[in-house]
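# Breakdown of the fold
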Amino acid sequence: MASTWAASLRLAVWCLDCARFSFLIVSTIVLSTESTSAQSSTDIFSAIEDSVTDAVEKAERSVVAIARIPIAPEPLDRQAARNQFGIHADLRSNNPLAPGYIPKNPGTGILMASPDNLHLRLILTNYHVVKGGQPFRNDGIIRSENRIAVRFSRTQAAWATIYAADPRSDLAVLAFDPSDIESAPADIPVISISEDPRVRKGQFVISLGNPYAIARDSSPSVSLGMISNVSRFPFTETTSDRETIHHFGTLLHVDTRLGPGTSGGALLNRNGDLIGITTSLAALEGYETSVGYAVPLNSSLRRIVEDLLRGYEIEYGFLGVVPGAPQDVQATFGSVTRETRGVAIRQVVPESPAFRAGLRRKDIVLAVNSVPVFEPTDILREVGLLAPGSTGRLRIIRANNGRERIMSVPLAKWPRRHVDRIIVSNDRYPIWRGLKVDWPTSRSRHFDYDRPYPRAIVVDRVEPGSPAEIAGLREGDLLTEAHGASIETPQQFLKAVANANGPVQVRLIDGSREPLIRTIDPSR
């Protein structure tokens, strides 16, 4: 009987993650073990409670409350903030940095360190929480509509700026001055990130957030639940104006309570380690508030988070194909069977990475990097989450003979739209002599699916009065050579000119403006 009890106790301790379900677990154990004493049952409850409280205590000081404050005064009928508990108006502060201030647009953030500077403290949150906020580095491109206030404790609050923002992942990072809260960076605790990126359906989780701006002293509220599903879509339909990488099925569906204000909060495992970033978009969209989502911190999305913490623009992989509809598979093989499931390629961009690797129209893609493909969004998701320059391994069925093949495709960069919403503090590809270059597909305004993929790099920006402008270069130019070397990626360009001290010649792509050869002279 002792061994049975020990095994039951281990089972209960393994399930320490969620008190909501612990009652069922413990009840089952008690009913199945007649000799279990009341004291033993109490011990199990205490162990469960201690596990949850330990996880919360480990992480809660790394979770902060965020408020988005409009710069322009709002209309009088919209100035009143939520007053859920009938707080007298005279007792509420109008100062966003004061403890009594009740923000109209609350959110949550997570304290993290920069991967390249462990002493630099930054705040990870959702992009929609801080949209319109002031950028850390103001290039004059972003129009600021809001200020961002962050509360760290009952007595500590500071203004923050957007260090990096990526609307496509709905993630952003904020910067702040630790001296504003009279703290040294080493005294500001950062959250612990789980070393194991895997999550499972049914795994118990803990969320920390700021629902309805209730964390005005920065003490986050706790909610317990489980991962209901993985690889979910945020809404019932995908529309072009709201398209994010998550519309292709990246999100965790969680049943923790995620009301307005919990976007940007921490999703923890039973050890108190971060495994995701919560979002309350379901509640904002009118769904039942118990329907919550979280951005998982798997290896692909962790790459995005780390690049945001570096202040970089986020890049997504580009294959150069247009996936077909499900009926295209049937049209190719005459029927849909287990052997022919996948997604047919409707179009291959000439000279694109897919074309050069040998992919052809009507080929059937079965998997990308060993992840099975069942519908077009699966290809867009799996390729998009890879970085440009990385290799995608595609398992395909050749349409003309039905044979299965593995193809390795070096990826390019996904064409970005709405670039005025992207915020960076550091350039991934440093500006050289006033010239900022990028992948030829980096901007949708420079790329056309109906034209061949150019074996070149694009001029993304030319600084006024710089040697590059004097040489006659301008935005949208395509460069095929630099300093005598052929170039197809920004890295190749920067390597070619790295040690050049004198004039450097670059060549424009054939068929563009004359003269094709331009000389960038640093002395001019």
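Residues numbered from 1 in each chain as written. Predicted model: local features only at pLDDT ≥ 70, side-chain atom pairs only at ≥ 80, totals over all residues. Heavy atoms only, no water.

### What about the side chain of R151?
Mapped onto the elements of the fold, R151 is located in strand β4 (residues 146-151). In this structure R151 comes out as buried when scored by relative accessible area, which is 7%. One polar contact links the side chain of R151 to the main-chain carbonyl oxygen of L97, over a distance of 2.4 Å. (Helix = DSSP H or I, 4+ residues; strand = E, 2+ residues; numbered from the N terminus. Buried < 20%, exposed > 50% of the residue type's maximum accessible area, 1.4 Å probe, protein only. Polar contact = N/O pair within 3.5 Å; in protein donor to acceptor, adjacent residues only side chain to side chain.)

### Section: the environment of V409
Tracing the backbone through its elements, the reader meets V409 in strand β19 (residues 404-410). Judged by its relative accessible area of 0%, V409 falls in the buried class. With 16 residues separating them along the chain, V409 and R393 place their C-alpha atoms 6.4 Å apart. Leave out the neighbours within four places in its chain, and V409 touches L319, P353, A354, A357, L359, S390, T391, G392 and L394. (Contact = heavy atoms within 4.5 Å.)

### With respect to the pattern of salt bridges
Using the criterion set out here, one finds 24 salt bridges in the structure. Of the charged contacts, one joins E315 and R428 as a salt bridge, the two residues approaching to 3.6 Å between their closest N and O atoms. Highlighted residues: E315 in the loop between α6 (299-309) and β13 (317-318) and R428 in the loop between β20 (412-413) and β21 (435-438), separated in sequence by 113 residues. Residue classification places E315 among the buried residues on the basis of a relative accessible area of 5%. If you follow the salt bridges from partner to partner, you end up with D116, D307, R310, E313, E315, K413, R428, K436, D438, R443 and D460 in one network. (Salt bridge = Lys/Arg side-chain N within 4 Å of Asp/Glu carboxyl O.)

### Some thoughts on the sheet that holds strand β8 (residues 221-232)
In spatial order, the strands read β7-β8-β9-β12-β11-β10; together these 6 strands close into a barrel with antiparallel pairing. Each strand of the sheet is rotated relative to its neighbour by a mean of 45 degrees, with strand direction disregarded. Pairing analysis gives 3 bridges linking strand β9 (residues 251-254) to strand β12 (residues 292-296), with the strands arranged antiparallel. When the bridges of β12 are listed, V254 appears paired with G292. (Pairing = 2+ DSSP bridges. Axes fitted to C-alpha atoms, helices over the stretch in contact; angles between N-to-C directions.)

### Quick notes on the pairing of strand β11 (residues 274-279)
Taken across its 6 residues, β11 has 6 buried, putting it largely inside the fold. One ladder, built from 3 bridges, connects strand β10 (residues 266-268) with β11; its direction is antiparallel. What sits directly across from L268, in β11, is L274. Across 4 bridges, β11 lies against β12 in antiparallel orientation. Directly across from T279, in β12, lies its bridge partner Y293.

### Details of the pairing of strand β18 (residues 391-397)
Bridging between strand β16 (residues 364-368) and β18 involves 4 bridges; their strand directions are antiparallel. Within β18, the position partnered with V365 by the bridge is I396. Bridge count between β18 and β19: 7 bridges; the pairing is antiparallel. Of the residues in β19, the one forming a bridge with R393 is S408. Between the end of β18 and the start of β19, which pair antiparallel, lie 6 residues, with G402 showing a positive phi angle near 75 degrees.

Just geometry here; none of it tells us what the structure is for.
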